[in-house]
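Structural characterization, general
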Amino acid sequence: MQVTKTVDDTRAIIKAWKKEGLTIGLVPTMGFLHEGHASLIRKCREQNERVVVSDFVNPTQFGPNEDLAAYPRDFERDSQLCESLGADLIFHPEPEDMYEDPCAYVSIEKLSNNLCGLTRPIHFRGVCTVVSKLFHIVAPDRAYFGEKDAQQLAIIRKMVKDLNFDIEIVGCPIVREEDGLAKSSRNTYLSAEERKAALCLSRSVARGKEVIRKGMKTEVLLAEMRAVIEAEPLAKIDYVSVVDALTMENVDVIDCDVLVAMAVYIGKTRLIDNFSWQLPQER
C-alpha cells in the first residue's frame, strides 16, 4: 500500500493505473476510521481493481465554533486498517496541500437549505468543494459514501449529475454498534453516561419505523420520535424531520419516498441518524 501527501504524487500513480486500464474506486474520509468506513472500503475492494482512501480532515466544512481542532485523528491506526482491508493508496494531504489562498468553491442550492444545512450554513459548500477536488485528483470510476450522512449523499449525487462527473456514486448502509448506536468518529467524544444516553437516537429510529409502517400521519410520526429523544435528559434536539428523499424538502404527507432524519446533541456532541422509507410498489 502506498501513501501520498501531494496532489502531484497522487496523480502520477493514478495516471499509471489508468494507462493499465485499471478501474479505480475512491473512499473519501476524514480519518479516524471505524467499521462504517471499513464497510465502504470492503465494498470498494469488491468492485474495483484499485482502491484509494482519502484521509483528510477538511477545514472548509467546519464552522467557526465547530470541532475542527478537536476532531479525532490517528493516521497510524487508519493506515493499518486500510492495509488490512486491501487498499492500494491512501491520499493524506495537509490543508495547505489542498487549499492555497482559495477563491473558488463549489456550492449547491436547495438541497443544502434544510436539515444539517440550517444550522451549519457553510458545511455543504465545504463538502462539495473538497469532494470535487478529490474527484479531479483521483478521477475514480466509483466513489463510496455512507447512508448515515444521507443529506450529504443526496447532495453529492446531485452535484455529480449537475456537473457531469463521469463517476458512479455508491451508497452503503449505516453500520451500527451491537446496541444500535450508529458508528461515528464523534462517538469517541461521549462519556460513559453520554454513550448510554446516545441510544435514544436509535430508539427513536426504531419507533419511527414502527409508526410509519402503520401509515400514521407525519405529525404523529415526528411527535412519537421526538418523545423518545426528549425522554433522555442529556439529549437536546437540533431537528427531527421528514423530507423528500430527492429534494430534501419537508413533506407533510408521505406520498413519495422519504428520508426521516435527526440531529441530536448529547451533551456537547452532535450526532445524526436516519432511516429511509420507500412507498410500497403497486402490483
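Below: a short report on this structure. (Residues numbered from 1 in each chain as written. Predicted model: local features only at pLDDT ≥ 70, side-chain atom pairs only at ≥ 80, totals over all residues. Heavy atoms only, no water.)

Attention now goes to the packing of helix α9 (residues 199-213) against helix α10 (residues 218-230). Between α9 and α10, the shortest axis-to-axis distance is 8 Å and the interhelical angle comes to 155 degrees. The angle between the axes of α9 and α10 places the two elements in the roughly antiparallel class. Here α9 runs over α10; the crossing is right-handed. Residues Cys-200, Arg-203, Ser-204, Val-205, Arg-207, Gly-208, Val-211 and Ile-212 of α9 pack against Val-220, Leu-221, Glu-224, Met-225, Val-228 and Ile-229 of α10. Residue classes in the contact of α9 with α10 are distributed as nine nonpolar, two polar and three charged. (Axes fitted to C-alpha atoms, helices over the stretch in contact; angles between N-to-C directions. Helix = DSSP H or I, 4+ residues; strand = E, 2+ residues; numbered from the N terminus. Parallel < 35°, antiparallel > 145°, perpendicular 65-115°, else oblique. Left-handed = near helix turned anticlockwise from the far one by under 90°. Contact = heavy atoms within 4.5 Å. Nonpolar A, V, L, I, M, F, W, Y, C, P; charged D, E, K, R; others polar.)

Looking now at the sheet that holds strand β2 (residues 24-29). Spatial ordering of the open sheet is given by β1-β4-β3-β2-β5-β6, a layout of six strands whose pairing is parallel. Strand pairing shows two members of the sheet lacking a second neighbour, β1 (2-4) and β6 (168-172), which therefore form its edges. Averaged over all pairs of adjacent strands, the angle between their axes in this sheet comes to 25 degrees, without regard to strand direction. Where strand β5 (residues 142-146) lies against β6, five bridges are found, and the strand directions are parallel. Looking at β6, one finds that Arg-142 is bridged to Glu-168. Strands β2, β3 (50-55), β4 (89-91), β5 and β6 of the sheet are contacted by helix α6 (residues 123-138), whose axis makes an angle of about 150 degrees with β2. (Pairing = 2+ DSSP bridges.)

What follows is about the pairing of β3. With five of six residues buried, β3 lies mostly within the body of the structure. Bridging between β2 and β3 involves six bridges; their strand directions are parallel. Considered in β3, the bridge of Ile-24 is made with Arg-50. In the classification by handedness, the crossover that spans β2, the intervening helix α2 (residues 35-47) and the parallel β3 is right-handed. Here three bridges tie β3 to β4, and the two strands are oriented parallel to one another. Bridging across to β4, Val-53 finds its partner in Ile-90. Taking the sense of rotation as the criterion, the β-α-β connection linking β3, helix α3 (residues 75-84) and β4 turns out right-handed. (Buried < 20%, exposed > 50% of the residue type's maximum accessible area, 1.4 Å probe, protein only. Right-handed = clockwise from strand over helix to strand, strands pointing away.)

Along α3, the residues classified as buried are Asp-78, Ser-79 and Cys-82. Looking straight down α3, one finds that the buried residues subtend no more than 100 degrees of arc, so they occupy a single side. Away from its buried face by more than 90 degrees, α3 exposes Glu-76, Gln-80 and Ser-84. On its buried face, α3 sits against α2, β3 and β4. At the exit of α3 stands Gly-86, carrying a positive phi of roughly 90 degrees. (Arc of directions from axis to C-beta.)

A few words now on the packing of aromatic side chains. The tally for this structure, following the rule as stated, stands at three aromatic pairs. For the ring pair Phe-62 and Tyr-71, a centre distance of 5.9 Å and an interplane angle of 75 degrees mean the geometry is edge-to-face. With respect to class, Phe-62 is no different from Tyr-71; both count as buried. With 5.4 Å between their ring centres and 75 degrees between their planes, Phe-135 and Phe-165 make a pair best called edge-to-face. Of the two residues, Phe-135 sits in helix α6 while Phe-165 sits in the loop between α7 (150-162) and β6, which places them 30 residues apart along the sequence. Taking the relative accessible area as the measure of exposure, Phe-165 reaches 16% and is therefore buried. Stacked on the ring of Phe-32, the Lys or Arg Arg-77 has its end atom at 4.6 Å from the ring centre. Positioned over the ring face of Tyr-105 is Arg-125, at 3.9 Å from the centre of the ring. (Phe/Tyr/Trp six-rings, centres within 6.5 Å; stacked < 30°, edge-to-face > 60°. Lys NZ or Arg CZ within 6 Å of the ring centre and 35° of its normal.)

Here helix α1 (residues 7-19) crosses α6 at 50 degrees, and the two axes come no closer than 8 Å. The orientation of α1 with respect to α6, classified from their angle, is oblique. Across the interface between the two elements, Val-7, Thr-10, Arg-11 and Ile-14 from α1 touch His-136, Ile-137 and Val-138 from α6. For the contact of α1 with α6, the residue count by class is four nonpolar, two polar and one charged.

Everything listed here is a matter of geometry and, on its own, says nothing about what the molecule does.
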